[in-house]
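Below are the chains, spelled out letter by letter.
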Amino acid sequence: MNQFIMLGCLWLEACATAFSQQQTNGVNYQLGPIPSAHKPLAENSVPMGNIQTFEEVKLDLPITSGPYAPTWKSIEANYPGTPEWLRDSKFGIWIHFGPQSAGESGDWYARKMYVEGIPAYENHLKNYGHPSEVGYKEALRDWNPKKFNPQALVDIYKDAGARFLIIQGVHHDQFDMWNSKYQPWNSTRLGPKRDLIGEWEKAARKAGIRFGLTFHHEYSWWWWQTAFQSDTKGDKKGVPYDGNLTLADGKGKWWEGLDPKYLYGINLREYETVVEAANSRWSPPQAGIFSGHLEYAEWYAKWWALRMMDAVDKYNPDFIYTDGTDQQPFSSSGTGTGYKCDAMQRVIADFYNKTLDRRGKLLYHRFSFYSRQRWGHLCLVYDCAKGW
């Protein structure tokens, strides 16, 4: 995220009651394969669709039954107020740790290693090889923090006074740090081959510390567009980076059966400002709709939501956080550019209803939106990271 300010973050906080042994059924939605897309058109040649005339799509994505419907009106009507436990806790720690650490080039290594000439690119050349031959997928394969011990860390954090933890579930690199039902590129299949979120959950519960999970994958579909580039000079000029690989290209390779599209996404560089934004330090593309990829956009929004629902179902966190800079994920502007739908409302309603079903009651819970813009809903709290 922006090195100065983190905006548009969403928190969902559940109750203070102990975790019930009763479990609801797992998330059983059968998401189809990634829809096919047309051959990419010339870069920067297609205008973004008009967000004013594009109506918000209501996804046919089922949620856990309960009093919360997937609408802002319902969420606001059932909002009980700010949780006392957070006021009392005062101090928590954000555990922003994942496979991008392998590149020793910052937490945006996955994107920057495909930007020719900058330090992350040079570090990847030195440590792994050229990104047309050895890409981020190989960094995932080789990442193995053998000394990583969540229980030992949680004990240190608790001794330091922390009363809640915020644990990274997935960053913009699309790599799920749990036994993910909907993302085969995850930590149980690659790298450490460990359910890292499961280990954090066990450690936090043993220590009696509340914990939340963070999800940063909403805007990965345009954030990852650097992986579809190539060098502009030198011996590898014009040779596509490995984001352009297909499932068929993996035959006989170590990654056979793992579709690169589930990691890097698809090429969206035909839309105006996408290439410029992908190579910038931060800026998202201009507001708009990827109107030539609406089937894929709907699939992607469902995929985003289902992965969060899956993690909630498996680990029953006290709160969840989603990353972004606009009013909500998939708002069609800011980090939500590209599509407009009600995926966020469905995630919130499912989380609250599932927590009610499992714990019997919600003593305190809150949905918070982090932004400089004070807009909106009565169930929002404003905040930011690293500045204001």
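The structure under discussion appears in the preceding block.
Residues numbered from 1 in each chain as written. Predicted model: local features only at pLDDT ≥ 70, side-chain atom pairs only at ≥ 80, totals over all residues. Heavy atoms only, no water.

(A) Region of interest: the pattern of salt bridges. Tallied over the entire structure, the rule returns 19 salt bridges. A salt bridge links Asp60 to Lys302, with the shortest nitrogen-to-oxygen separation between them at 2.5 Å. On the criterion of sequence distance, the pair formed by Asp60 in the loop between β1 (10-13) and α1 (72-77) and Lys302 in helix α11 (residues 294-315) is long-range, its members being 242 residues apart. In this structure, Arg194 and Glu199 form a salt bridge, with 2.6 Å as the shortest nitrogen-oxygen distance. Overlapping salt bridges bring together Asp60, Glu298 and Lys302 as one network. (Salt bridge = Lys/Arg side-chain N within 4 Å of Asp/Glu carboxyl O. Helix = DSSP H or I, 4+ residues; strand = E, 2+ residues; numbered from the N terminus.)

(B) Spatial organisation of the packing of helix α6 (residues 150-159) against helix α7 (residues 196-207). Running from amino to carboxyl end, α6 crosses α7 at an angle of 40°, the nearest separation of the two axes being 9 Å. In terms of axis orientation, α6 runs oblique to α7. In this structure, α6 crosses over α7, and the sense of that crossing is right-handed. Here Pro150, Gln151, Leu153, Val154, Tyr157 and Lys158 of α6 lie close against α7, whose contacting residues are Glu199, Trp200, Lys202, Ala203, Ala204, Lys206 and Ala207. In terms of residue class, the contact of α6 with α7 is built from eight nonpolar, one polar and four charged. (Axes fitted to C-alpha atoms, helices over the stretch in contact; angles between N-to-C directions. Parallel < 35°, antiparallel > 145°, perpendicular 65-115°, else oblique. Left-handed = near helix turned anticlockwise from the far one by under 90°. Contact = heavy atoms within 4.5 Å. Nonpolar A, V, L, I, M, F, W, Y, C, P; charged D, E, K, R; others polar.)

(C) Spatial organisation of the pairing of strand β3 (residues 164-170). For β3, the buried fraction is high: seven of the seven residues fall into the buried class. Judged from the four bridges that link them, strand β2 (residues 92-95) and β3 form a sheet pairing that is parallel. Bridging from a neighbouring strand, Ile95 pairs with Ile167 of β3. Of the pairings in the sheet, the one linking β3 to strand β4 (residues 210-215) comprises six bridges and is parallel in character. Residue pairing across strands places Ile167 opposite Leu213, the latter belonging to β4. The handedness of the β3 to β4 crossover, carried by α7, is right-handed. (Buried < 20%, exposed > 50% of the residue type's maximum accessible area, 1.4 Å probe, protein only. Pairing = 2+ DSSP bridges. Right-handed = clockwise from strand over helix to strand, strands pointing away.)

(D) Structural detail: the packing of aromatic side chains. What the rule picks out here adds up to 34 aromatic pairs. A centroid spacing of 5.6 Å and a plane angle of 40° characterise the contact between Tyr114 and Tyr241, whose relative ring orientation is tilted. Within this pair, whereas Tyr114 is found in the loop between α3 (109-112) and α4 (119-127), its partner Tyr241 is found in the loop between α8 (220-223) and α9 (261-264), the two being separated by 127 residues in sequence. With relative accessibility at 0%, the residue Tyr114 sits in the buried group. With relative accessibility at 1%, the residue Tyr241 sits in the buried group. Between Tyr219 and Trp282, the ring centres sit 6.1 Å apart and the planes meet at 80°, which makes this aromatic pair edge-to-face. (Phe/Tyr/Trp six-rings, centres within 6.5 Å; stacked < 30°, edge-to-face > 60°.)

(E) Layout of unusual backbone geometry. Even without being glycine, Lys193 reaches a positive phi, approximately 55°. With respect to the helices, strands and loops of the structure, Lys193 is situated in the loop between β3 and α7. One non-glycine residue, Ser332, lies in the positive phi region at around 85°. Relative to the helices and strands, Ser332 resides in the loop between β5 (319-322) and α12 (343-359). With a relative accessible area of 1%, Ser332 lands in the buried category.

(F) Region of the structure containing the pairing of β4. The element β4 is largely enclosed, with a buried count of six among its six residues. On β4, burial covers both faces: Arg210, Gly212 and Thr214 on one face and Phe211, Leu213 and Phe215 on the other are all buried. The pairing of β4 with β5 spans four bridges and is parallel. When the bridges of β5 are listed, Thr214 appears paired with Tyr321.

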